[in-house]
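# Per-entry structural report
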Amino acid sequence: MSALRTTPLTEWHRENGAKLVPFAGFEMPVQYKGIIIEHKHTREKAGVFDISHMGEFKLSGKGAKDALNKLVTQNLDTLAPGKCRYGFLPNDKGGVLDDLIIYCLAEDSYMLVVNGACEEGDFNWINSRLPEGIDFDNISYETAKIDLQGPLALDVLESVFGRDFKHLKYFNFEETEFDGYKLIVSRTGYTGELGYEFYLPADKAQSLWEKIVADERVEPIGLGARDTLRLELGYPLYGHDLDTEHNPREGGYGFLLPADAYTDGKELLIPLSIEGRRAARHGDKVILDGKEVGVVTSGSFSPSLGYSIALAYVANDVAEAEAFIINTGKKELEAKKTELPFYTEGTARKKLD
């Protein structure tokens with residue numbers, strides 16, 4: 001077993017009481033004060049996340065847009081500089097190799113942000129399919145990623161940077177300078193709250209992190225709360241809700257695709273609500289009329305809603321059913337089909353000007 005990688009902030013996490021666990025080949029903080037405490041703090045104020053395990057690639061050169069357009073589901077013809085877009089890297093059969101955000105830095109110049117566990121595979125897949133003359137670099141090791149999320153995130157951002165950021169719209173970004181170095185500040189948000197992401201040199205990460213956590217409105221947040229926050233919005237986690245066996249339409253993202261793309265799927269990812277605190281977990285069986293019809297991909301108690309929620313793949317012919325049974329192995333839970341997002345009070349798309 002290979003040694004776990006660390007981020008530029010791993011020692012800070014250890015010294016400040018984080019519980020560290022293996023995740024995507026890294027040693028990462030799962031919690032500090034507790035998942036529910038951290039979850040609610042992010043929903044109410046602002047939390048800061050070390051996401052430096054994510055992978056970043058740069059792709060540029062004449063023809064870069066056309067080459068990348070053939071490999072991802074995003075339509076790069078309509079992606080202007082300063083904007084970013086969520087989508088998928090499909091394999092030859094339409095299964096999802098990864099979900100990713102593509103940043104248009106300039107004409108024929110892009111940054112790709114991929115999941116940490118998929119970094120090497122994604123890079124090799126893309127690199128092997130690019131024509132000659134395209135520059136493609138893995139900048140993951142030299143890049144840190146810090147996320148600031150929560151309804152007070154803008155106030156904290158402007159306080160730390162000493163400048164206005166109200167102009168930055170949802171899924172837009174800008175390259176700027178801070179403390180003598182260049183970085184990218186984007187506004188997307190994986191928690192459903194107003195959220196900003198910083199891509200910066202790895203050796204500058206601790207300095208920025210400490211400036212942010214010094215703000216009394218901010219708490220450091222681990223991967224545990226990040227997972228419950230994203231699940232409340234129905235956002236997918238690669239390797240659970242998205243995988244190589246399902247295409248993006250099966251994963252619930254047909255609205256991001258051309259009407260004729262990936263229409264041959266056999267299953268659909270659906271949202272389920274479960275009364276009480278007992279949660280379904282990844283791998284639990286979904287039952288309808290005594291027959292196994294699917295499997296849970298993500299499940300958790302929802303701190304914001306006060307009951308449990310789950311995502312599950314079920315066969316297309318039962319996807320419209322209103323109620324299911326989830327077999328956890330120890331207990332059967334009654335689950336009702338609902339709509340996404342589970343949590344509807346998020347501030348991510350809030351207009352700021």
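Check the entry above for the structure.
Quick look at the structure, then. (Residues numbered from 1 in each chain as written. Predicted model: local features only at pLDDT ≥ 70, side-chain atom pairs only at ≥ 80, totals over all residues. Heavy atoms only, no water.)

### Observations regarding the overall build of the protein
The cut-off we apply is this: Here a helix means four or more residues in a row that DSSP labels H or I, a strand means two or more in a row labelled E, and each is numbered from the N terminus. What the globule rule says is 2.2 Å times the number of residues to the power 0.38, and the radius of gyration is computed from C-alpha atoms. Any residue under 20% of the maximum accessible area for its type is buried, any over 50% is exposed, and the rest in between are partly exposed; the area is computed with a 1.4 Å probe on protein chains only. Pairs of residues are marked as contacts when any of their non-hydrogen atoms sit within 4.5 Å. Every accessible area reported is derived by Shrake-Rupley at a probe size of 1.4 Å, with residue values counting cover from the shown protein chains alone.
Scanning the protein from N- to C-terminus turns up 7 helices and 19 strands. Computed over the C-alpha atoms, the radius of gyration of the protein is 20 Å, within 12% of the 20 Å expected from 2.2 N^0.38 for a compact globule of 353 residues. For the C-alpha atoms alone, the extent of the protein along its principal axes is close to 65 × 50 × 50 Å. Taken across its 353 residues, the protein has 56% of its residues classed as buried. Of the contacts formed within the protein by residues at least 6 apart in sequence, a portion of 64% connects residues at least 24 apart. Just so you have it, the protein exposes about 16,300 Å², and 47% of that area is on carbon and sulfur atoms.

### Some points on the sheet that holds strand S19 (residues 332-337)
What links the strands of a sheet is backbone hydrogen bonding, and the strands pair in either a parallel or an antiparallel sense. Put simply, the rule is: A pair of strands is treated as paired once DSSP finds two or more bridges between them. The angle between two axes is taken between their N-to-C directions and runs from 0 to 180 degrees, where each axis is a line fitted to C-alpha atoms and a helix contributes only its stretch in contact.
Judged by pairing direction, the barrel is antiparallel, and its 6 strands sit side by side in the order S14-S17-S16-S15-S18-S19 before closing back on the first. Within the sheet, the average angular offset between the axes of one strand and its neighbour, ignoring direction, is 40°. Pairing geometry for strand S15 (residues 285-288) and strand S16 (residues 291-302), over 4 bridges, is antiparallel. Looking at the pairing, Ile-287 lines up with Glu-292 of S16. Contacts from helix H7 (residues 223-233) reach S16 and strand S17 (307-315) within the one sheet, and its direction differs from that of S16 by about 120°.

### A short note on the sheet that holds strand S5 (residues 84-90)
Taken together, the 5 strands give an open sheet; going across it, the order is S5-S6-S7-S4-S8, and neighbouring strands pair in antiparallel fashion. In this open sheet, the two strands that pair with only one neighbour each are S5 and strand S8 (135-138). Averaged over neighbouring strand pairs, the angle between their axes works out to 25° when direction is ignored. Sheet topology note: the strand S6 (residues 96-106)/strand S7 (residues 109-114) ladder contains 5 bridges and is antiparallel. Across the sheet, the residue bridging to Ile-101 is Val-113, located in S7.

### Remarks on the packing of helix H5 (residues 153-161) against helix H6 (residues 205-213)
Rules: An angle below 35 degrees is treated as roughly parallel, one above 145 as roughly antiparallel, one from 65 to 115 as roughly perpendicular, and anything else as oblique. Definitions for this section: a left-handed crossing has its near helix turned counterclockwise from the far helix by less than a right angle. A right-handed crossing has that turn clockwise.
For the pair H5 and H6, the least separation of the axes is 10 Å and the interaxial angle reads 120°. Taken together, the axes of H5 and H6 lie oblique to each other. In this structure, the crossing between H5 and H6 has a hand that is right-handed. Taken together, the residues of H6 that come into contact with H5 (itself represented by Val-156, Val-160 and Phe-161) are Leu-208, Lys-211 and Ile-212.

### With respect to the nonpolar core
Heads up, the condition is: Nine residue types can take part in a nonpolar core, namely buried Ala, Val, Leu, Ile, Met, Phe, Trp, Tyr and Cys, and a core is a set of them joined through side-chain atoms within 4.5 Å.
Core analysis: the largest hydrophobic core is formed by 31 residues, its most contacted members being Ile-146, Phe-161, Tyr-196, Phe-198, Leu-208 and Ile-212. Those elements that place two or more of their residues in this core are strand S3 (46-50), strand S9 (143-149), H5, strand S11 (181-187), strand S12 (195-201) and H6. When residues no more than four places from it in sequence are discounted, the contact partners of Ile-146 are Leu-9, Val-48, Phe-49, Tyr-196, Glu-197, Phe-198, Leu-200, Ala-205, Leu-208, Trp-209 and Ile-212.

### Quick notes on empty space enclosed by the protein
Put simply, the rule is: Using a grid of 1 Å spacing that covers the protein atoms alone, one calls a set of points a cavity when a 1.4 Å probe fits there but cannot get out, and a pocket when the set is open and has protein on both sides within 12 Å along at least five of seven lines; lining residues are those with an atom within 4 Å of a point. Grid points are joined across faces, edges and corners, and a volume is the space filled by probe spheres set on the points. All residues other than Ala, Val, Leu, Ile, Met, Phe, Trp, Tyr, Cys, Pro, Asp, Glu, Lys and Arg, Gly among them, are scored as polar; the first ten of these are nonpolar and the last four charged.
One pass over the full model with this rule turns up 1 cavity of 30 Å³ or more. Estimates place the volume of the largest cavity at around 30 Å³. In terms of lining, the largest cavity is formed by Met-28, Pro-29, Phe-49, Asp-50, Ile-51, Ile-221, Gly-222, Leu-223 and Arg-226. Elements supplying a minimum of two residues to the lining of the largest cavity: strand S2 (26-31), S3 and H7. Tallied by class, the residues present in the lining of the largest cavity amount to 6 nonpolar, 1 polar and 2 charged.

### What to know about the pairing of strand S4 (residues 55-60)
In terms of strand pairing, S4 meets S7 through 6 bridges, oriented antiparallel. Counted as the bridge partner of Leu-59 is Tyr-110 from S7. With 4 bridges joining them, S4 and S8 adopt antiparallel strand pairing. Counterpart to Lys-58 in the pairing with S8 is Asp-137.

### What to know about H6
Stated precisely, the cut-off is as follows: It is the directions from the helix axis to the C-beta atoms whose arc is reported.
For H6, the set of buried residues is Ala-205, Leu-208, Trp-209 and Ile-212. Down the axis of H6, the buried set is contained in an arc of 100°. They therefore lie on one face.

### What to know about the pattern of salt bridges
The cut-off we apply is this: Basic side-chain nitrogens of Lys or Arg form a salt bridge, by our definition, when they fall within 4 Å of a carboxyl oxygen of Asp or Glu.
Here the structure, examined in full by the defined rule, presents 19 salt bridges. Glu-219 is paired through a salt bridge with Lys-33; the nearest N and O atoms lie 3.1 Å apart. A residue pair is termed long-range when its members are at least 10 positions apart, and Glu-219 in strand S13 (residues 218-220) and Lys-33 in the loop between S2 and helix H2 (35-44) qualify at 186 residues. A relative accessible area of 23% means that Glu-219 is categorised as partly exposed. Lys-33 sits in the exposed class, given a relative accessible area of 56%. A network of salt bridges, in which partner residues are shared, links Glu-11, Arg-14 and Glu-27.

### Quick look at the environment of Tyr-181
The residue Tyr-181 is located in strand S11 in this model. Between the C-alpha atoms of Tyr-181 and Val-318, which are 137 residues apart in sequence, the distance is 54 Å. In this structure, Tyr-181 is in contact with Thr-176, Leu-200, Pro-201, Lys-204 and Leu-208, ignoring residues within four places of it in sequence.

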